[in-house]
Amino acid sequence: MKTLDPQYDPSGSEKAIYEKWVSEGYFGSSPEPEKDGYCIVIPPPNVTGALHMGHALNNSIQDILIRWRRMQGRETLWLPGTDHAGIATQNVVEKQLATEGKSRHDLGREKFVRKVWEWREQYGDRIIDQLKRLGCSCDWSRQRFTLDEGLSKAVRTVFVALYNEGKLYRGHYIINWCPKCLTALSDDEVEHKSQPGKLWHMRYPIVGEEGYVVVATTRPETMLGDTGVAVNPKDPRYKSFVGKSVRLPFVDRDIPIVADEAVDMEFGTGCVKITPAHDHNDYQIGKRHDLEELNVMTDEAVINSNGGPFEGMDRMECRKELVKRLEDMDLLEKTEDYELNLSVCYRCDTAIEPRLSEQWFVRMRELAQPAIEAAKSGRVKFHPQRWSKVYYDWLENVRDWCISRQLWWGHPIPVWYCQDCGRTIVAVETPTECPDCANENLEPDPDVLDTWFSSALWPFSTLGWPEETEDLNATTYPTDTLVTARDIIYFWVARMVMMGEKFMGKEPFSHVLIHGTILDEIGRRMSKSLGNGIDPIEMIDIYGADAVRFSLINLTIEGQDVKLSPKKFEMGRNFTNKIWNATRFALMKMPAELDTSGPLDMDELTVYDRWILTRLSETIETVTAEQEDFRLNPAVSEIYSFFWNDLCDWYLESIKQDLSDDAPASRRQNAARVFLAVLDSALRLLHPYMPYITEELWQYLNRYFPARTLGEARNPSESIMIARWPEATDFPRFGEDVERMEMVKKAVSAVRNLRGTRDIKQRKELSALFDPSSEANASVLKSQLPLISRLGNLKSIDVKVGISAPDHSATELVPHLTLYVPLGEVVDLEQERARLQKKLDEQTRYIMGVEMKLSNKQFVNKAPQQVVERERERLARLRELEGKIRMTLLQMV
């Protein structure tokens, strides 16, 4: 039998294991209506992206769920794909052209789009290759792209259907404009940042009389587009001004003073300038008072001809010059420091310029209602549930969605304009002539659709809709689980539910698992600008994919954010080493011939055999239940505790002697069979989280121990990927033996603790005296003396309730058990007295704290009865322990 290598080397095995999985078709799927299916569609990463820690966490979670369900025998589909990422991808290619001294306009639209496709073919699968390094078990044969022809048809079909129902329209409205990306953005694509700014108070002279009104603004350059001034009708300071006009400086335009209840009397002077073409709130006020809408900026945020003497200036340059001239003209009353809530583009961080523009919009309110009902009825469940509030808040206050983008890369808006008769043609297929006048002179709409529009259809467009495909008729739609971050709940999650309800008549998924955000070690978001990101591929190269996956899940607690540093991946590496080394040691001790011809005789098993089988059954039950509730952190913590503590630290230590060459043959056989059975199931439990090391060890077990469970044979050619998920009922439970073993662990832990606090080596044999508090405990200890002696390296043991501490002895106290060890020649007795006195002082403080709480009548009367009883029980235990410490100190005098 070939022994395992001395050290686990992930770099030497991960690539070969992954290629084997792919070649054997283990990731494949063929959902059928009569089968129990489980489907996840991947949140499609941008083709411009490289794997970051958020991706690593998100896709590790998806892979865990898919691998687990696959092992349960369900027909799984994890459908992968990428997003064309309109703005981001166009920016990347434009930057490449800039290095050649060219722009997209030099190429023209058709050649530029072709160049973007070439870029996508060359670089677009980079993040997919990185996901494979992570171990993701997607069905790569089904990989989709949001600009695939099938998905494009779905997008056009939805656009046309919404248009024909009057839920999609073209109109002139105030929108968010990015002067750098040169496109409109939806409200959700705008980020808000607090930063120091200024509040300028400007004087507007009143027409026809002496005096002026003072308006306050954070954007003085927009005054060039003012078409009114507004005050609150309830504001007594300005009642006499309503109906008058003021003269707008620089452009010499008279504009009216109007009364509107939307004006905040507490902001600035209570008198506000109205620029309908450059502010969302001003646009609404302008509509109510029929004010002119005057755009004063170009697409690049340069002042246009409506800006008078400032024409040609960048908006920031204009701001400085305009403020200077106002000051020179004595029209600037004062300037204050002001905390701005600055709106910026989510892609390039450029300050957004609200502006009036003709765009395409989706009417959202009617579409939102079924999406709200889907969650309130429980058909769509959020995990953790608290994130449903973000979902509801957005849907209940949703505004019309601006879906047109002034880009060249993306889904062209399926609209054409007849240049002869003016007919607007909205169609799925490209028309050849106008249906009204039969003219062929048709001009396509120049815009493309918002990337999120195609992403909103992802759960069903990837399955072949609008065609009637086998996938859509199987068990794949609705999909089962969406795994995503909280920052796209309204960007994507809510819109997918809206579109699923509208076009499929069903919610697109049953569960939404929201995970936290990966932050750096001091709590900042990771970003290129801060240079604080951690490259997952670099961490995989150093620690291995299993260590990265395990560490991320072990650190992620129920949707909470994660503070991460490279050093934290050491916990994952340490665990992989523990798994490897413990397994290697145990397998080296296995008997040359292992007889698994019949079932184990449970009567021949030791207390620790029965204990580990019970603990395994309990662990399987807990892990499965936690995973059913999407609580992966508690699940992996349970597996970790079982493998590291129960299996390695306790059971393996207990059977070391049983596996030795001089142990009785039957005992050696039984110990080996139990260990292999437990290892087998532990590896299967661990596989979804750490797929590579579990596969490598599984293959080793298959090669040399093909019949490795409690009498159940395995096919040596199997992969752990398709092995059966263990069930709690696979193993018997022995409640009394668990209690016995727990008492053994307490006794041995007391010895180990005592050694540790006094720096006594494990090889030094000790004499031990145990006071077990009760005769029942004493009986358990006496029945397990050989095991306690072996694990604690004790040369003698005495067990007696109420036993007196021998002279010059050290004491270790654990619940319901006191250990005395004569240590006159081993430790410094004065140090031992000092240690016990410190512990006594500590206990006294604890007792005083609990006594104070119980003497508080308000606590006793108002707290739940069980809480009060728990405190009383705690006080009794503390007093008992205090008494034992005092007695020990007296005996040491």
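Residues numbered from 1 in each chain as written. Predicted model: local features only at pLDDT ≥ 70, side-chain atom pairs only at ≥ 80, totals over all residues. Heavy atoms only, no water.

Draft legend 1. Quick look at the sheet that holds strand β29 (residues 817-822). Here we have four strands laid out as an open sheet, ordered β27-β26-β29-β28, and mixed in their pairing. The open sheet terminates on both sides in strands that have one partner only, identified here as β27 (794-799) and β28 (809-814). Pairs of neighbouring strands in the sheet enclose a mean axial angle of 20°, with direction left out of account. In this structure, strand β26 (residues 766-771) lies alongside β27, joined through five bridges in parallel fashion. (Pairing = 2+ DSSP bridges. Helix = DSSP H or I, 4+ residues; strand = E, 2+ residues; numbered from the N terminus. Axes fitted to C-alpha atoms, helices over the stretch in contact; angles between N-to-C directions.)

Draft legend 2. Fine view of the packing of helix α18 (residues 570-588) against helix α22 (residues 691-704). The geometry of α18 relative to α22 is characterised by a closest axis approach of 11 Å and an angle of 10° between their N-to-C directions. Between α18 and α22, the interaxial angle falls into the category roughly parallel. Contacts from Thr576, Ile579, Trp580, Thr583 and Leu587 in α18 reach Ile693, Glu696, Leu697, Tyr700 and Leu701 in α22. For the contact of α18 with α22, the per-class residue count stands at seven nonpolar, two polar and one charged. (Parallel < 35°, antiparallel > 145°, perpendicular 65-115°, else oblique. Contact = heavy atoms within 4.5 Å. Nonpolar A, V, L, I, M, F, W, Y, C, P; charged D, E, K, R; others polar.)

Draft legend 3. Spotlight on unusual backbone geometry. Note that the residue after His383, namely Pro384, is joined by a cis bond; omega there is -10°. Mapped onto the elements, Pro384 comes out in the loop between β15 (381-383) and α11 (388-396). In the segment running from Tyr477 into Pro478, the intervening peptide bond is cis, with an omega of 0°. A positive phi is found at Asp349, a non-glycine position, where the angle reads about 70°. For Asp349, the location among the structural elements is in the loop between β13 (332-345) and β14 (353-362). Of note in the backbone geometry, Asn793 takes a positive phi value of approximately 55° without being a glycine.

Draft legend 4. Region of the structure containing the pairing of strand β7 (residues 190-205). Across 13 bridges, β7 lies against β13 in antiparallel orientation. Its bridge partner being in β13, Gly197 is matched across the sheet by Tyr338. Bridge analysis of β7 against strand β8 (residues 212-217) gives six bridges, and the strand direction is antiparallel. From the neighbouring strand, Met202 faces β8, where its bridge partner is Val215. Taking the residues that link successive antiparallel strands as the turn, the β7-β8 hairpin has six residues, and the phi of Gly208 there is positive, at about 85°.

Draft legend 5. Representation of the pattern of salt bridges. Counted by the stated rule, this structure contains 69 salt bridges. A salt bridge links Arg405 to Asp450, with the shortest nitrogen-to-oxygen separation between them at 3.2 Å. On the criterion of sequence distance, the pair formed by Arg405 in strand β17 (residues 404-405) and Asp450 in the loop between β21 (448-449) and α12 (451-455) is long-range, its members being 45 residues apart. Both residues of the pair, Arg405 and Asp450, count as buried. Between Arg610 and Asp737 there is a salt bridge whose closest N-O contact spans 3.8 Å. Here the residue Arg610 occupies a position in helix α19 (residues 607-628), and Asp737 occupies one in helix α23 (residues 735-758), the gap between them amounting to 127 residues. This pair shows no difference in class: Arg610 is buried, exactly as Asp737 is. (Salt bridge = Lys/Arg side-chain N within 4 Å of Asp/Glu carboxyl O. Buried < 20%, exposed > 50% of the residue type's maximum accessible area, 1.4 Å probe, protein only.)

Draft legend 6. Spatial organisation of the packing of aromatic side chains. Applying the stated criterion across every chain, the model contains 37 aromatic pairs. Aromatic pair Trp452 and Phe491: ring centres 4.9 Å apart, planes at 15°, arrangement stacked. In this pair, Trp452 is assigned in helix α12 and Phe491 in helix α15 (residues 489-503), connecting sequence segments 39 residues apart. For Trp452, a relative accessible area of 15% corresponds to the buried category. Judged by its relative accessible area of 8%, Phe491 falls in the buried class. These aromatic residues form a ring-pair network of at least three members: Phe550, Phe575, Tyr640, Phe643 and Trp644. Over the ring of Trp68 we find Arg69; its NZ or CZ atom is 3.8 Å from the centre of that ring. Here the guanidinium or amino end of Arg610 rests over the ring plane of Phe734, the centre of that ring lying 5.6 Å away. (Phe/Tyr/Trp six-rings, centres within 6.5 Å; stacked < 30°, edge-to-face > 60°. Lys NZ or Arg CZ within 6 Å of the ring centre and 35° of its normal.)

Draft legend 7. A look at the side chain of Thr583. Among the secondary structure elements, Thr583 is positioned in helix α18. Of the residues examined, Thr583 reaches a relative accessible area of 2% and is grouped as buried. Polar side-chain contacts of Thr583 include one of 2.7 Å to the backbone oxygen of Ile579. Every residue in contact with Thr583, bar those within four places of it in the chain, is listed here: Leu4, Phe643, Leu679 and Leu697. (Polar contact = N/O pair within 3.5 Å; in protein donor to acceptor, adjacent residues only side chain to side chain.)

Draft legend 8. Layout of the side chain of Arg319. If you trace the backbone, Arg319 turns up in helix α9 (residues 315-328). Not counting residues within four places of it along the chain, the set of residues in contact with Arg319 comprises Trp200, Thr218, Arg219, Pro220 and Glu221.

Draft legend 9. Here's a closer look at the sheet that holds strand β19 (residues 424-426). With antiparallel pairing, the three strands of this open sheet are ordered in space as β19-β18-β20. Where the open sheet ends on each side, the last strands, each with one partner, are β19 and β20 (442-444). Neighbour-to-neighbour, the strand axes of this sheet turn through a mean angle of 30°, independent of strand direction. Two elements, strand β18 (residues 415-418) and β19, share three bridges in a ladder whose sense is antiparallel. Following the sheet pairing, Val415 is matched in β19 by Val426.

Draft legend 10. Structural view of a positive patch on the surface. A contiguous patch of positive charge on the surface is contributed by Lys95, Arg126, Lys180 and Lys528. Within the secondary structure, Lys180 is located in the loop between β5 (168-178) and β6 (183-185). A residue is classified by how much of its surface remains accessible, and Lys180, at 57% relative accessible area, is exposed. (Patch = residues over 30% accessible without salt bridge, like charges linked within 9 Å, V, L, I, M, F, W, Y side chains within 5 Å. Areas by Shrake-Rupley, 256 points an atom, 1.4 Å probe, with all protein chains shown as cover. Lys, Arg positive; Asp, Glu negative; His and termini not counted. Charge placed at Lys NZ, Arg CZ, Asp CG, Glu CD.)

So, to be careful, I would describe these as geometric facts and stop short of saying anything about function.
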